[in-house]
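Chain by chain, the residues:
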Amino acid sequence: MQIVSFPEVATPAALRVQVREIQEQAWPSASGSDAAVDTPTHDPALRPLSMLLVDEGTVLAALDILCKEIVHAGRRLSAGGLSTVVTSKQARGRGHGRQLVAAARERMIAQSLDLGLFTCDRPLQAFYESAGWRVLPGAVLIGGTPQAPFPSDQPGFDKVTMADFFSTAGRQAQESFHHSRIELYPGEIDKLW
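Residues numbered from 1 in each chain as written. Predicted model: local features only at pLDDT ≥ 70, side-chain atom pairs only at ≥ 80, totals over all residues. Heavy atoms only, no water.

Asker: Just to check I follow, could you spell out helix H4 (residues 168-177) for this structure?
Answerer: Side chains that are three or four residues apart share a direction in an α-helix, a result of its 3.6 residues per turn. Every buried residue of H4 is listed here: Gly170, Ala173, Gln174 and Phe177. Down the axis of H4, the smallest arc covering the buried residues is 150 degrees, so these residues share one side. Exposed side of H4, more than 90 degrees from the buried face: Gln172 and Glu175 are the residues found there. Buried residues belonging to H4 abut strand E3 (58-72), strand E4 (75-87), strand E5 (115-121), strand E6 (134-135), strand E9 (159-165) and strand E10 (181-183). Put simply, Ser167 is the residue that caps the front of H4, since its side-chain oxygen is 3.4 Å from the backbone nitrogen of Ala169. (Buried < 20%, exposed > 50% of the residue type's maximum accessible area, 1.4 Å probe, protein only. Helix = DSSP H or I, 4+ residues; strand = E, 2+ residues; numbered from the N terminus. Arc of directions from axis to C-beta. Contact = heavy atoms within 4.5 Å. Polar contact = N/O pair within 3.5 Å; in protein donor to acceptor, adjacent residues only side chain to side chain.)

Following this line, the structure appears as structure tokens:
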């Protein structure tokens, strides 16, 4: 078993097909898994990095790391977030997702990001905590764009914000993120990474 990573657009087609099939298991689409393999899932401006846990050519789990600069409480910080975290149905319950999520956290540290920040469904909070992430108390991510905001506390959502602060600048800003509305604004494609 090994973890491999590629810029999303450079992920080998054979692996990308498997990732799309696993994503379709988790989030069935109206069009099925017939989406073009060479069509990026994420906005290229977010520098998507695909990380895959692969065993003898079979993708067991996958996720993408998205990155951008944010301004919060007057500070400009480099932030990364997890997106499309998924484990194949056949491989669930064996710790593969946790292993990949923990590796993604380490990758963000290696990329010299100031912080990692994302939302998850409330029932998944303990899973992400077991991989090294912490809940950010009272924080709400505001996705979408300034013209069309997409907040994580909108009606019908039951999300928590997870984070970790990697750099000195990130740790110095940590308290300002508690109980705040964080203007992430990743755009129209990745409304809320």
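Asker: When you look at the sheet that holds strand E8 (residues 149-151) in this model, what are you seeing that I'm missing?
Answerer: Sheet strands pair by backbone hydrogen bonding; their relative direction is either parallel or antiparallel. Spatially, the three strands line up as an open sheet ordered E8-E7-E10, and their pairing is mixed. Unpaired on one side and paired on the other, E8 and E10 mark the two borders of the sheet. The sheet shows a mean angle of 30 degrees between the axes of neighbouring strands, direction not considered. Where strand E7 (residues 140-144) and E10 come together, three bridges link them in parallel fashion. (Pairing = 2+ DSSP bridges. Axes fitted to C-alpha atoms, helices over the stretch in contact; angles between N-to-C directions.)

Asker: What should I look at first to understand the environment of Gly132 in this one?
Answerer: Turning to its location among the elements, Gly132 is positioned in the loop between helix H3 (125-130) and E6. Distance in space between the C-alpha atoms of Gly132 and Pro151 is 24 Å, their sequence separation being 19 residues. Beyond its immediate chain neighbours, meaning those up to four positions away, Gly132 contacts Arg105 and Asp164.

Shape is all these values report; function is a separate question.
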